[in-house]
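What follows is the residue order along each chain.
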Amino acid sequence: MPPPKDVVKIAIQMVGAIPQLIELQQSKPLASVLKDVCDAWSLPNAERYALQYADGRQTYITESDQEAQRLYTGIQSKNVDVKTDSLKKLAGLSQDVTFAQEFISRNGLKQIYSIVEEGNDTGEMLAHTLKAFTELMEHDFVSWENLSTVFIKKIVSYVNMNAVDASIQQLSLSILENMVPTSRLLFELVKKEVTLDRLLTHLQATNAELQLKAMALLIALLLSATDAERREMMDYLREKNLRQFIHKNIIHSSEPLGDEMAHYLYVLQSVSLNLCEHRMKTSMDPYSQEQRDLLQSLRQTAFESESEVPTGSFSTERRRSLCAKEFRKLGFMNNSNPAEDLRRAPPGLLALDNMVYFSRNTPNAYSRFVLENSSREDKHECPFARSSIQLTLILCEILHIGEPCSETAQAFYPMFFGQDHFFEELFCICIQLVNKTWKEMRATQEDFDKVMQVVREQITRTLSLKPTSLELFKTRVNALNYSEILKLRQTERLHQEETLAVPVLELREKLKPELLELIRQQRLLHLCEGTLFRKISSRRRQDKLWYCRLSPNHKVLHYGDVEEGVQSPPIESLPEKIPVADMKMLLVGKECPHTKEKSSGKQNKDVLELAFSIVHDMEEYCLNFIAPTRYEFCLWTDGLNVLLGKEMTSERTQTDLDVLLSMELKLRLLDLENVSIPDNPPPVPKPPSNLNFCYDFSHAEQ
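None of these values were measured; they are calculated from a predicted model.

Chemist: Sorry, what's going on with the overall build of the protein chain here?
Modeler: Each helix and strand counted, the protein chain has 28 helices and 9 strands in total. Put simply, the protein chain has 702 residues, and 45% of those count as buried. A sequence separation of at least 24 residues applies to 66% of the contacts in the protein chain between residues at least 6 apart.

Written as structure tokens, this is what we have:
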């Protein structure tokens, strides 16, 4: 007779005692289990003991334990070796939420504060202290606002010191990064005490981890600043050539760019581009003399040779008529009052800024654009102003200006960091592209929207290639002319049409099961190779990593924490495991428990899209994941669904299936290409009257 489902056999060992093999009844109170174990070893005071996992992370199975008290006492020891050893163990055990809660409840954080505030040591003991503090605070049991000014300034001093161990500076930067978003008061304190110059010094360090932590604090400060503060900080960083330094020493470094640094570069790019948001959302004020002067400068730069005759010799009416004519040549729809064209927000004043930048920084190209179109027939003129306004809006949409930063995105443009005035310079290239495409399409005013649609496609297709410089972008976007766009569109359209014929659809259906099985095998193979996952909290992107992989026989999921730099740890080094047979269901997005926790705050949309959880045999237990990319999310959720005997539901499955079907269909239909197939089969010809046309090998030449 099989044992009850709630009874499991476990081995319990203790130093100096014979190990016990007990049948643990899961419904039995833990205190009662501990008493039985202690009685077997004749140990008094069973309430002072706890069960602890022997392999993997040393997590406790109970809230009440002796270890928290022992370490609490140890960190107060006068013996330096005992104190250092206790702090080292504390740093390791503090990752466990139960232990952390117990240690904090003993007022353990107060002892850590004292070690930092009163100590002058900057060696191993301090490193363990800061590590333990970071891990304990990670659980959100204590507010960062409870920290004293003395403690914070001590942490700041480690960042500002020159002669201090790099590991201590890394931990100090990480602590300040966590602190900054929690309150305005802490933000102002850190911003005042840690100067941008000091952060730039750390960014230029050869230590990649120190460089990363400095970038993390810089990004935290930028995200927590007001618009005015952020603009001031970005202006200062521009003066210090931060962008050029990043382009040369980080993006084009010999070392590969990590996911976390890529995310910070994306945020820095997003924050910088979002400085344009105010101008983008501000309509032109016709009563603003400054804005009117900018508008008039466009006309004067374009038609200065035609305006050599003193305007004083003209009547007011004649001057207005002349200005209206010139504004019409500039491509304003409301030539008598061009300010009306700029009342639309977005793109608002940003469009005016772009036009003025183009006219002042590339005056020859500007004059050529305007004068070339002024000499064309009216209906074939490419309207500069109207095109500029629409192009500015297109660029804002493509570059996501005005949108909040994603918590996980890593998509930045390398060329952004290689160019000052990136947005304006990109506009200068693209407005000339508009004129070029207009001529290639032989467009008229009625084709304006079609031209701008083609230009949008040219820009997005070129940006998807991730050009490393604006010069390379310019070369590639100009090579992608209208005829190339038509070819690409036709190829894509033919690809769609060839899959719509009835015989082809029937063949697709016959091929689907075989190809779906191929995709299933690929998903399981990917799970066997495993993936490195990063733990993400509500406050920041953490540097904690863990790895999960499926056993080769597809029966067990192995997982465990790993160190930075480990690419593919062997399956034996992953101590934790879940039998596939014990997996109940897969949860995704908002259904996951780690997206519902109260301490996690408002979840970012991108994080929700990457979250999934495996519900274990014990219903209260889940293994929670945040996929590094949408691609990994699709592969893992598909693979887990295969293990659960369910259908693969990710969008990647459909994409892969379409690609495989397309390839297989092309191979199957290869012999039929460029051959017209008649509706009726041709008649079978009559047999020949003789077979003399056959070659007689018996008479072959010797």
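Chemist: How should I be thinking about unusual backbone geometry in this particular structure?
Modeler: One can expect most non-glycine residues to show negative phi and most peptide bonds to be in trans. For the bond from A345 to P346, the omega torsion is -5°, close enough to zero to count as cis. On the secondary structure map, P346 appears in the loop between α17 (316–329) and α18 (348–361). Of note, the bond from P346 into P347 is cis; its omega dihedral lies within 30 degrees of zero at 10°. In this fold, P347 is placed in the loop between α17 and α18. In the Ramachandran plot, S42 falls in the positive-phi region, its phi being about 60° despite a non-glycine side chain. Looking at where S42 falls in the secondary structure, it is placed in the loop between α1 (30–40) and α2 (66–74). We classify S42 as exposed; its relative accessible area is 63%. In this structure, R442 takes a positive phi of about 50° despite not being glycine.

Chemist: Just to check I follow, could you spell out the pairing of strand β8 (residues 611–615) for this structure?
Modeler: As a general feature of sheets, a regular strand has side chains that alternate between the two faces. The buried fraction of β8 amounts to 5 of the 5 residues, a majority that puts the element mostly inside the structure. Burial of β8 is two-sided: the residues A611, S613 and V615 facing one way and the residues F612 and I614 facing the other way are all buried. Where β8 and strand β9 (residues 622–626) come together, 5 bridges link them in antiparallel fashion. Its bridge partner lying in β9, I614 is registered against L623.

Chemist: I would appreciate a short explanation of the packing of aromatic side chains in the present structure.
Modeler: To describe a pair of aromatic rings, one takes the distance between the centres and the angle between the planes. Scanning the model with the defined rule gives 23 aromatic pairs in all. Seen in terms of ring centroids, W546 and Y559 are 6.0 Å apart; in terms of plane orientation they differ by 80°. Their pairing is edge-to-face. With a gap of 13 residues between them, W546 in strand β4 (residues 541–550) and Y559 in strand β5 (residues 556–562) connect regions that are remote in the sequence. Within the aromatic cluster, the residues linked to one another by ring pairs are F533, W546, Y559, F612, F625, F633 and W636. We note R243 situated over the ring of F416; from NZ or CZ to the ring centre the distance is 4.3 Å. The ring of F448 has R386 sitting right over it, with the charged end atom 3.8 Å from the ring centre.

Chemist: Can you help me understand the sheet that holds β9 in this one?
Modeler: Two orientations exist for strands paired in a sheet by backbone hydrogen bonds: parallel and antiparallel. The strand order across the open sheet built from 3 strands is β7-β8-β9, with neighbouring strands paired in antiparallel fashion. Of all strands in the sheet, those bounded by a partner on one side alone are β7 (585–588) and β9. Neighbour-to-neighbour, the strand axes of this sheet turn through a mean angle of 20°, independent of strand direction. Running at roughly 20° to β8, helix α27 (residues 630–643) makes contact with β7, β8 and β9 of the sheet.

Chemist: Is there a simple way to explain the confidence of the model for the protein chain in this structure?
Modeler: When pLDDT drops low, the exact placement of atoms in the prediction is not to be read closely. The share of residues in the protein chain with pLDDT of 70 or more is 88%, and the mean pLDDT across the chain is 85. When pLDDT is averaged over each element of the protein chain, helix α20 (residues 384–398) comes out on top at 96 and strand β1 (residues 7–12) at the bottom at 77. Low pLDDT, under 50, characterises residues 598–603; the predicted model gives this stretch 9 contacts beyond four residues in sequence or across chains.

Chemist: Before we go on, may I ask you to explain the nonpolar core in this structure?
Modeler: Inside soluble globular proteins, nonpolar side chains tend to come together where they are buried. Grouped together as the largest cluster of nonpolar side chains are 148 residues, with contacts concentrated most on F133, M215, L330, L391 and I459. Contacts of M215, omitting those with residues within four sequence positions, involve L203, I246, I250, M261, Y264 and L265. Core analysis: the second largest hydrophobic core is formed by 42 residues, L557, C592, A611 and F633 among them.

Chemist: Would you take a moment to explain the packing of helix α6 (residues 124–137) against helix α8 (residues 166–179) for this structure?
Modeler: Angle between the axes and distance between the axes are the two parameters that describe a pair of packed helices. Closest axis-to-axis distance for the α6/α8 pair is 9 Å, and the angle between their directions is 25°. Looking at the two axes, α6 sits roughly parallel to α8. Relative to α8, the crossing made by α6 is left-handed. Between α6 and α8, the contacting residues are L126, A127, L130, K131, F133 and T134 on the first element and S167, I168, L171, S172 and I175 on the second. Split by residue class, the contact of α6 with α8 holds 7 nonpolar, 3 polar and 1 charged.

Chemist: Looking at this structure, I do not really get the side chain of S613. What am I missing?
Modeler: With respect to the helices and strands, the residue S613 is situated in strand β8. Polar side-chain contacts of S613 include one of 2.8 Å to the side chain of N624. Among residues more than four places away in sequence, those in contact with S613 are M585, L586, L587, C592, P593, H594, C622, L623 and N624.

Chemist: Would you explain helix α4 (residues 97–105) in this entry?
Modeler: Side chains that are three or four residues apart share a direction in an α-helix, a result of its 3.6 residues per turn. All buried positions along α4 are accounted for by T98, F99, A100, E102, F103 and I104. Looking one or two places after α4, you find N107, whose phi comes out positive at around 65°.

Chemist: Would you take a moment to explain the packing of helix α7 (residues 149–160) against helix α9 (residues 184–193) for this structure?
Modeler: For the pair α7 and α9, the least separation of the axes is 10 Å and the interaxial angle reads 35°. Relative to α9, α7 is oriented so that their crossing is right-handed. Where α7 approaches α9, its residues I152, K153, V156 and N160 are matched on the opposing element by L186, L189 and E193.

Chemist: How should helix α16 (residues 289–302) be read in this particular structure?
Modeler: For α16, built from 14 residues, the straight-helix expectation of 20 Å at 1.5 Å per residue is met to within 8% by its first-to-last C-alpha distance of 20 Å. Those residues of α16 that are buried lie in contact with α17, α18 and α19 (363–374).

What counts and how
- Residues numbered from 1 in each chain as written.
- Predicted model: local features only at pLDDT ≥ 70, side-chain atom pairs only at ≥ 80, totals over all residues.
- Heavy atoms only, no water.
- Helix = DSSP H or I, 4+ residues; strand = E, 2+ residues; numbered from the N terminus.
- Buried < 20%, exposed > 50% of the residue type's maximum accessible area, 1.4 Å probe, protein only.
- Contact = heavy atoms within 4.5 Å.
- Pairing = 2+ DSSP bridges.
- Phe/Tyr/Trp six-rings, centres within 6.5 Å; stacked < 30°, edge-to-face > 60°.
- Lys NZ or Arg CZ within 6 Å of the ring centre and 35° of its normal.
- Axes fitted to C-alpha atoms, helices over the stretch in contact; angles between N-to-C directions.
- pLDDT = per-residue confidence, 0-100.
- Core = buried A, V, L, I, M, F, W, Y, C linked by side-chain atoms within 4.5 Å.
- Parallel < 35°, antiparallel > 145°, perpendicular 65-115°, else oblique.
- Left-handed = near helix turned anticlockwise from the far one by under 90°.
- Nonpolar A, V, L, I, M, F, W, Y, C, P; charged D, E, K, R; others polar.
- Polar contact = N/O pair within 3.5 Å; in protein donor to acceptor, adjacent residues only side chain to side chain.
- Expected span 1.5 Å × (residues − 1).

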